[in-house]
Amino acid sequence: MSLAIFSSSLKSSAFKTARVATTITSRPSSAIWSQRFYSTENNKDDNKDTKEAVQEGAAAPVGEATEAAAEQKNSAHEEALAAKDKQLAEVKDRLLRTLADMENLRQRTAKEVANTKDYAIQKFAKDLLDTADILNMAIKNVPQEELAESSTNTHLKSLHTGVAMTRDELLKTFKRYGVESFDPMNEKFDPNLHQANFQVPMPGKEPGTVFDVQKIGFMIKGRVLRPAQVGVVQSTD
């Protein structure tokens, strides 16, 4: 009887002990699982933060490199534009110089053409000056009394008139082509226009004055074709 009671009591104690043990064992397991879950979440957050930090750290150098490349590209563009502007300025300068040279050449050519046209008959006219001088000499060598109305030398008068008319017509032809004669009688001697063949002191006349014209002078378009050949009053000092 006593043994049965003891056995029953022992079983009851063992059951209680096992229950308590089960309870104690089950509690740490739940706590460990909770701790592990919390640790996992924390690790996820830490990994996320680390990943974002790594991405930010990687993005920063990439952004700086992109900006540096953009600045380098802009600098290259600016240098290329500056080089093009310099080249354009050089081309413009050469073009302006070429245009100026062409304009100068055109003006010189036009002037040469005009001079050639104006002085084309210079040699021909100069060759005819001797003819004009001969006609003048023939007219001057006829005595004035032979040309008077009282003179009966009609043949000489007619010859004089014909020679004078020929001389005048020649001078008119010269003038039509820009060749004009000038007679410096009683004018001041000008070495640019006159050629002094001799000098004679003459009282009552101003020194340096032309008192005799052996050959009249000729000019073509304002240029001396032949200076007048004259005699000049010499100073008595």
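Structure shown above.
Bear in mind the structure is a predicted one, so any value in this text is a computation, not a measurement.

Bringing the pattern of salt bridges into the picture now. Taken as a whole and assessed by the stated rule, the structure comprises six salt bridges. With a shortest N-O distance of 2.6 Å, Glu103 and Arg106 are connected by a salt bridge. Residue Glu103 and its partner Arg106 are located together in helix α1 (residues 2-118), separated by three residues, close to a single helical turn. Note on Glu103: relative accessible area 33%, which makes it partly exposed. Measuring nitrogen to oxygen at the nearest pair gives 2.9 Å for the salt bridge that ties Arg167 to Asp168.

Right, let's talk about the sheet that holds strand β3 (residues 210-215) for a bit. The strand order across the open sheet built from three strands is β2-β6-β3, with neighbouring strands paired in mixed fashion. Of all strands in the sheet, those with a lone pairing partner are β2 (194-201) and β3, marking the two edges. Strand-to-strand twist in this sheet, taken as the mean axis angle between neighbours without regard to direction, amounts to 25 degrees. Here four bridges tie β3 to strand β6 (residues 228-234), and the two strands are oriented antiparallel to one another. Bridge pairing in β6 links Lys215 to Gln229.

The pairing of strand β4 (residues 217-220) with strand β5 (residues 223-226) spans three bridges and is antiparallel. Across the sheet, residue Met219 finds its bridge partner in β5, namely Val224. Between β4 and the antiparallel strand that follows it, β5, lie two residues; Lys221 among them carries a positive phi value of about 55 degrees.

It is worth spelling out the sheet that holds β5 at this point. Reading across the sheet, the three strands line up as β1-β4-β5 and stay open at both edges, with antiparallel pairing between neighbours. Looking at which strands have only one partner, the edges of the open sheet turn out to be β1 (179-182) and β5. Looking at each pair of strands side by side, their axes are set apart by 35 degrees on average, direction ignored. In the packing of helix α2 (residues 122-140) onto the sheet, the strands contacted are β1, β4 and β5, and the crossing angle to β5 comes to about 50 degrees.

Attention shifts here to the layout of surface pockets. Empty space within the largest pocket amounts to approximately 230 Å³. Taken together, Asp133, Asn136, Met137, Ile139, Lys140, Arg167, Asp183, Met185, Val213, Gln214, Lys215 and Ile216 make up the lining of the largest pocket. For the lining of the largest pocket, the secondary structure elements donating two or more residues are α2 and β3. Looking at the lining of the largest pocket element by element, the count peaks at five residues for α2. Residues belonging to the lining of the largest pocket are distributed by class as follows: five nonpolar, two polar and five charged.

Definitions and limits used
Residues numbered from 1 in each chain as written. Predicted model: local features only at pLDDT ≥ 70, side-chain atom pairs only at ≥ 80, totals over all residues. Heavy atoms only, no water. Salt bridge = Lys/Arg side-chain N within 4 Å of Asp/Glu carboxyl O. Helix = DSSP H or I, 4+ residues; strand = E, 2+ residues; numbered from the N terminus. Buried < 20%, exposed > 50% of the residue type's maximum accessible area, 1.4 Å probe, protein only. Pairing = 2+ DSSP bridges. Axes fitted to C-alpha atoms, helices over the stretch in contact; angles between N-to-C directions. Contact = heavy atoms within 4.5 Å. 1 Å grid on protein atoms, 1.4 Å probe; cavity = no way out; pocket = protein on both sides within 12 Å on 5 of 7 lines; lining within 4 Å. Points joined across faces, edges and corners; volume = space filled by probe spheres on them. Nonpolar A, V, L, I, M, F, W, Y, C, P; charged D, E, K, R; others polar.

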